[in-house]
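Listed here are the chains, written in short residue letters.
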Amino acid sequence: MPALHDADPEVAGIIAAENARQHAKIRLIPSENYASRAVLEATGSILTNKYSEGYAGQRYYEGQQEIDRLEELAVARARELFGAEHVNVQPYSGSPANQAVYLALADPGDTVMGMALDQGGHLTHGAAVSVSGRHYKPVQYGVDPATGRLDYEVIEDLARQYRPKLLFCGATAYPRVIDFERFGAIGRRTGAVVVADMAHIAGLVAAGVHPSPVPHVDVVTTTTHKSLRGPRGGMILCRREYAEALDKAVFPGLQGGPHNNTTAAIAVALKEAGTGEFRTYARAIVDNARALAEALAGRGFDLVSGGTDNHLLLVDLRGKGVTGYQMAKALDAAGIVCNYNLIPGDPKPARRPSGIRLGTPAVTSRGFGGAEMEQLAGWMDRVAAIRADEGLDRKARSAAYRKVANEVRGLCSRFPAPGLAEV
């Protein structure tokens, strides 16, 4: 990036340092991935220069000939890939997409229902700290304490009792397949509009690795990064009857002009997601998650729900004598990046929870397989033991983490990360 280096070496230096970090560390945050070079080039293109309020053929600015073609292409690719009747590719990300659903299909004060944040749900599904929990009356459901899985009978009983206007399904920390068909049936029986948030699993759905919500629910929202491996953006897919209301909620209800450079990158990512190579990749994400779960369980780690069916794992660390916060910090020092996370029924607060959340989309993009999952579980076991060892002082502990980090760098050097500049 010679122009950036000349114009602002400080920013260029930060980007170069982040590039090096993404090369050298194992990235296990489930919502992160490596976008392809083609997606990155579209994101950084001259399309950022163009303002385009409105929709194709109905803009409030002139000079939209190429922009209209671009947005129509992205919409057509999304409709084909997911089998949706209508698609809006303009939301700036997943949370704005969900907010558009509220604006279009509910009124402030209406009852809405979603998975609780501390049970694996998302902020925008009615959490008290979110606008979705402040402007609406939230009813929250969770997982069965004994199994760590959704209990659809309990969910239906709640829906029958409270009759929500909107019923959200989908999660950010739920390692099992979600029965979207069952949610759709619950909505029909209780009069709720069912909204599936598939932000985390969109790539798995596109590849046929996870059941699709599209045939079963009224509205589907998603990000375009995470397992879909696109840019930071959002989409809304819906039945035709909701199209006009949702389009008006996105624009002019919540935002002005779309980010045309992001629309271009979404179109590229959707094309990539329609290939046989991507389907193989998505299957490998799930295979790697299961392999990592098995390897961790074999080393005494307690997995919420006992394992995984998708791209992520939720790990209860109480049996290892460390908190999720401590483990996440220790792993980062050892070259392994994850996030600390609440577990269902967590006795600890959100900033110092008992668990960590792990995901395999990014490491699978690098080409990691079962052998690397086994090696990764071994490193994580070592790090947990180092952090729990009260006999180690700070200096000795840091030295032990650095030794693991050096081994991690050696593994990463054998698996170049896609899309990144060379270091």
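Whatever comes next refers back to the structure up there.
Here we look at the overall build of the protein chain
Thought 1: From N to C terminus, the protein chain includes 16 helices and 15 strands.
Thought 2: Its C-alpha radius of gyration of 22 Å places the protein chain within 12% of the 22 Å reference for a compact globule of 423 residues.
Thought 3: Every one of the 423 residues in the protein chain was classed for burial, and the buried ones make up 56%.
Thought 4: In the protein chain, of all internal contacts separated by at least 6 residues, the share reaching a separation of at least 24 is 72%.
Thought 5: Carbon and sulfur atoms make up 51% of the accessible area of the protein chain, which totals about 18,000 Å².
Thought 6: On the protein chain, the mean spot of the 47 positive side-chain charges and the mean spot of the 46 negative ones are 4 Å from each other.

As for the environment of A104
Thought 1: With respect to the helices, strands and loops of the structure, A104 is situated in helix α5 (residues 94-105).
Thought 2: Once residues within four sequence positions are removed from consideration, A104 is found in contact with A245, L246 and A249.

Focus: the sheet that holds strand β8 (residues 193-197)
Thought 1: The 7 strands lie next to each other as β4-β10-β9-β8-β7-β5-β6, forming an open sheet whose pairing is mixed. Across the chains shown, the open sheet's two edge strands, defined by having one partner strand only, are β4 (86-88) and β6 (137-141). Taking each pair of neighbouring strands and ignoring which way they run, the sheet shows an average axis angle of 20°.
Thought 2: Relative to strand β10 (residues 234-238), strand β9 (residues 219-223) runs antiparallel, the two sharing 5 bridges. By the bridge assignment, T221 is partnered in β10 with I236.
Thought 3: Set on the sheet, α5 makes contact with β5 (111-115), β7 (166-169), β8, β9 and β10; between it and β9 the angle comes to about 155°.

Cut-offs and rules
- Counting restarts for each chain, with residues numbered from 1 along the sequence as it is written.
- Note on the predicted model: pLDDT of at least 70 is required for a residue's local features to be given, and 80 or more for side-chain atom pairs to be given and counted; whole-chain, interface and lining totals, by contrast, use all residues.
- As a rule here, side-chain values come from all non-hydrogen atoms in the structure, and water together with hydrogens is ignored.
- Numbering of helices and strands runs from the N terminus; a helix is a DSSP stretch of H or I covering at least four residues, while a strand is a stretch of E covering at least two.
- Using C-alpha atoms as the atom set, the radius of gyration is obtained and then compared with a globule rule of 2.2 Å times the number of residues to the power 0.38.
- Relative accessibility under 20% of the residue-type maximum defines a buried residue, over 50% an exposed one, and the middle range a partly exposed one, all with a 1.4 Å probe and only protein chains included.
- Contacts are residue-level and defined by heavy atoms, with any inter-residue pair within 4.5 Å sufficient.
- Accessible surface is estimated by sampling points in the Shrake-Rupley manner with a 1.4 Å probe; for residues, cover comes only from the protein chains shown.
- Only four residue types enter the charge count, namely Lys and Arg as positive and Asp and Glu as negative; His and the chain termini do not.
- Charged groups are reduced to one reference atom each: NZ for lysine, CZ for arginine, CG for aspartic acid, CD for glutamic acid.
- When DSSP finds two or more bridges between two strands, those strands count as paired.
- With axes taken as lines fitted to C-alpha atoms, and helix axes fitted only over the stretch in contact, angles between N-to-C directions fall between 0 and 180 degrees.

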